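# Coordinates in review
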Amino acid sequence: MPFPRPPALTALLTVLVLPWAGTGCRDHQEKARGQLQSGAFSFTVGDFLKAAGEGRTELVVQFLDAGMNADVARADGATALLSAAAQGRGETVMLLLIRGAAHTTAGPEGVTPLMAAVRSGDERSVSALLQAGADPAQRNAVGETPLLLASSLGHAVLVGILAPLSKEPLDEALRLACTKGHTAAMDVLLNAGAQLDLPGGEKQRTPLMLAAMGGQLPAVKLLCHRQALLAAHDSDQLTAADLAQKAGHQATANFLQEWTVRHPDGMGGGTSDEMLAAAGLPVLNSPVFPILPAASAGPDASTAAAPGNRPPTAGPQIVPRAATAAASFNPAGSGTAATPPQEPEPEEMRSLGTARFPRLRCDSMDDVPGLMRMTTYQLRPWPFVLWDVNTDHESADVELTLEGNRKANVRIGSTIPGTDCVVEKMRRRRVFDGTKAKKLANVSELTFRSGSTGEVFTAAAGRRVLSSDSSALIRITGSKAVWTAGAGDGFRLGTLLLQLTAIDAEGLTVENRLTRETVRVPLTP
C-alpha cells in the first residue's frame, strides 16, 4: 500500500511543478507556431481546415501541437475531420481521431464525417471512423444513411463494409443502386440479403423495373441472371419491359422481351451460355441447353401463348433442360399431359434449378412439404478457414482443415493449398464488438475465385465457407426423376414461384419469391 502524501507536500509540488509544466507547454506551442509560419501557414481555423483537406498530416500535427482545438469549426459548421474525410485523406482522418476529434459532429446539411468519407469513396477513412464508433445508421438532412449514399454513388467496397452493419432492410439501398445502374454494388447487396423482387415506392416497382426505366442495361442483365421476376407489374399494370419501352430505352426493352420469350414461366433463371455472355457475366461449366422446336416445348408452351402473355416466336427456342423434364410426368387427376420429347428413365438425375411443375396442385406454402421431400444432403465446405489478414493487407494466414488445421500463408494472386481457388483480394478489419467491454472483433475477409467454375466466394475470419457443391436430392410428387438441388435454385411448384434458400442437416428452407414466406421441408431418407 503506497504511503499517503501529506496535503502540504501536494500543495508544494503544485506550486513548483505547474508553472514549469505551463512554461514547457507554452514553449512547445510557440515552436509549433513558428514552424507553421515558416511553411506559409498562419495559425487560423481556415488554414487548419485547409491542411486537413489537403491531407498534409504533418502540418495538422503542428496545428494541434500549437494549441489548435481538433474540433474547431468554421462558421458553416465544417471541421478538420469533415474536411479530411470529404477528400478521402485516410491518414489525416486517423490522426485526428487519435488526437480526440469528435466523429459525431455534423456539418452543413447534417453531413457527418462518416457520410463525408463515404462520398469520397475512401475505404481507410470509412473503416477508421467505424472503428472509432461512428454511427452507420445516422441520417443527413435529406434522410440518407451512409449505406444509401454508398449505394447511390456505386462505391461497392463501402457497400460491402456498411451492409452488414445496417439495422434496416437493404432493399432501399438496392433500389437506389439499380436506378443508377451500379452493378457491383447491386451484386454486393443481393449477396448480403437484399430482396430481389420486393416492390417499393408509390408505384410499387421492383428493382428490375427501376433499372429498366433508367435504361440501365447491364443492371437489367444482372437482375435477369439472378432470376428476377419478369412477369411482375407495377400499380399501373406495367412490366419492366413495358416501362423500358415507355421511357424510350429500346435496347433494354428488346433485351427484356427476348429474355421473356426464353423464360415464359416469368422467372429469369436457367440462362444459356449465349445469354450469360450477352449479359457480360462469366459463363460457368454448365450443361448446354437443348434447342427444341416451339411446338415440342411441353405444356408450358401453351401457357406462354395464353392471353396476357407474350406468344413464343416461331422457330427454334432455347428451353432449359430442367424445364422440359418437368413436363415428363402427369400426376393422377391432372388431365392428359403433352407428349414429352423423351420419357426420363426412373431414378434419372435432373437439376431442380428453373424446373417447372405447373400441373401440381400447389396454391399455398402449406402444400409444399407434402409435395416435395429431401432424401439426402451433402454439405461441402472449402477445406480451409481464414485465420487473419496480415497488416500489409496483401497476405493472410489460413488453417487447412484437411491437414490437421495446419497454418499456411497465402498472398493475393496465389492458390490456396488443397484447392484450385485463387486469392483475389483481402481486407484486414477490426470493429468494436458492441459489448460494454468494447473489445475489437476480427472481421477480416478474404475473397477468392474457384478456378473450375469461376464463382467468387468470401471467407470471414473463423468461419467455414460452403462450396457450390453443397447439394441435396429431392423427390417431387408425380415425378419419376430424382432432382438435385443447391441453395439459390429457383423453380415453380403449381402456381408458386419458389426458391431454395438454405440446405442443412435438418432439411430445406423454401421461400415464396413473391410473398417471402418460408417453409421447412424436413430430411426424410
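Here the structure is shown first, and the text comes after it.
Just so you know, the residues in each chain are numbered from 1, in the order the chain's sequence is written. Per-residue local features of the predicted model are confined to residues with pLDDT of at least 70, and side-chain atom pairs are confined, for both listing and counting, to 80 or more; whole-chain, interface and lining totals are unaffected and use all residues. The basis for every side-chain value is the complete set of heavy atoms in the structure, and neither hydrogens nor water enter the calculation.

Further remarks concern helix H10 (residues 171-180). Each turn of an α-helix holds 3.6 residues, which means side chains three or four residues apart point in the same direction. Each residue's exposure class comes from its accessible area (1.4 Å probe, protein chains only) as a fraction of the maximum for that residue type: buried when under 20%, exposed when over 50%, partly exposed otherwise. A helix here means a DSSP run of H or I that spans at least four residues, while a strand means a run of E at least two residues long, and both kinds are numbered starting from the N terminus. The complete set of buried residues in H10 reads Asp171, Ala173, Leu174, Arg175, Ala177 and Cys178. Residues of H10 that are buried in the fold lie against helix H8 (146-153), helix H11 (183-191), helix H12 (207-213) and helix H13 (217-225). In the stretch just after H10, Gly181 is the one whose phi turns positive, near 75°. Here a residue-residue contact requires only that any non-hydrogen atoms of the pair lie within 4.5 Å.

Below, the discussion takes up unusual backbone geometry. The backbone phi angle of His393 is positive, close to 60°, even though this residue is not glycine. Its location among the elements puts His393 in the loop between strand S6 (384-389) and strand S7 (395-400). For His393, a relative accessible area of 37% translates into the label partly exposed. In this model, Arg516 sits at a positive phi of 65°, which is unusual for a non-glycine residue. With respect to the secondary-structure elements, Arg516 resides in the loop between strand S18 (507-512) and strand S19 (518-522).

This part takes up the side chain of Ser450. Along the chain, Ser450 falls in strand S12 (residues 445-450). Leaving out residues up to four positions away in the same chain, Ser450 has contacts with Trp382, Asp420, Cys421, Glu455 and Phe457.

Our next topic: the environment of Gln138. Examined against the element boundaries, Gln138 turns out to sit in the loop between helix H7 (123-131) and H8. Classification of Gln138 by relative accessible area gives partly exposed; the value is 29%. In this structure, the C-alpha to C-alpha distance between Gln138 and Thr104, residues 34 residues apart in sequence, is 9.5 Å. Leave out the neighbours within four places in its chain, and Gln138 touches Thr112, Met115, Glu144, Thr145 and Pro146.

A separate point is the packing of aromatic side chains. Stacked, tilted and edge-to-face are the three classes applied to pairs of Phe, Tyr and Trp rings, where Trp contributes its six-membered ring and a pair requires centres within 6.5 Å; stacked means planes under 30 degrees apart, edge-to-face means over 60, and tilted covers the rest. With the rule as written, the count across this model stands at eight aromatic pairs. For the ring pair Phe255 and Trp259, a centre distance of 5.3 Å and an interplane angle of 35° mean the geometry is tilted. Linking Phe255 with Trp259, this pair stays in helix H15 (residues 250-262), spanning four residues, or about one helical turn. Here the two residues Phe255 and Trp259 agree in accessibility, since each one is buried. Summarising the aromatic geometry, the rings of Trp382 and Phe448 are spaced 5.9 Å apart at their centres and angled 85° between planes, so their arrangement reads as edge-to-face.

On to the sheet that holds strand S15 (residues 482-485). Pairing in this open sheet of four strands is mixed, and the strands run S3-S15-S14-S5 from one edge to the other. The open sheet has two free edges, formed respectively by strand S3 (349-351) and strand S5 (372-378), since each of these has just one partner strand. With strand direction ignored, the average angle separating the axes of adjacent strands in the sheet is 35°. Any two strands between which DSSP finds at least two bridges are classified as paired. As judged from the six bridges shared by S5 and strand S14 (residues 471-476), these two strands associate in the antiparallel manner. When the bridges of S14 are listed, Gln378 appears paired with Ser471. The axes are straight lines fitted to the C-alpha atoms, using for helices just the contacting stretch, and the angles between their N-to-C directions are given from 0 to 180°.

Before going further, it helps to spend a moment on the packing of H13 against H15. Interhelical geometry of H13 versus H15 gives an angle of 15° and a closest axis separation of 10 Å. Of the possible angle classes, the one that applies to H13 and H15 is roughly parallel. Regarding H13 and H15, the two cross each other, and that crossing is right-handed. On the side of H13, the interface is formed by Leu217, Val220, Lys221, Cys224 and His225, while H15 contributes Ala251, Thr252, Phe255, Leu256 and Trp259. When residues are sorted by character, Ala, Val, Leu, Ile, Met, Phe, Trp, Tyr, Cys and Pro go into the nonpolar class, Asp, Glu, Lys and Arg into the charged class, and all the rest, Gly among them, into the polar class. Across the contact of H13 with H15, the residue classes break down as seven nonpolar, two polar and one charged. Roughly parallel means an angle under 35 degrees; roughly antiparallel means over 145; roughly perpendicular covers 65 to 115; every other angle is labelled oblique. Handedness of a helix crossing follows the sense of rotation of the near helix relative to the far helix, less than a right angle counterclockwise being left-handed and clockwise being right-handed.

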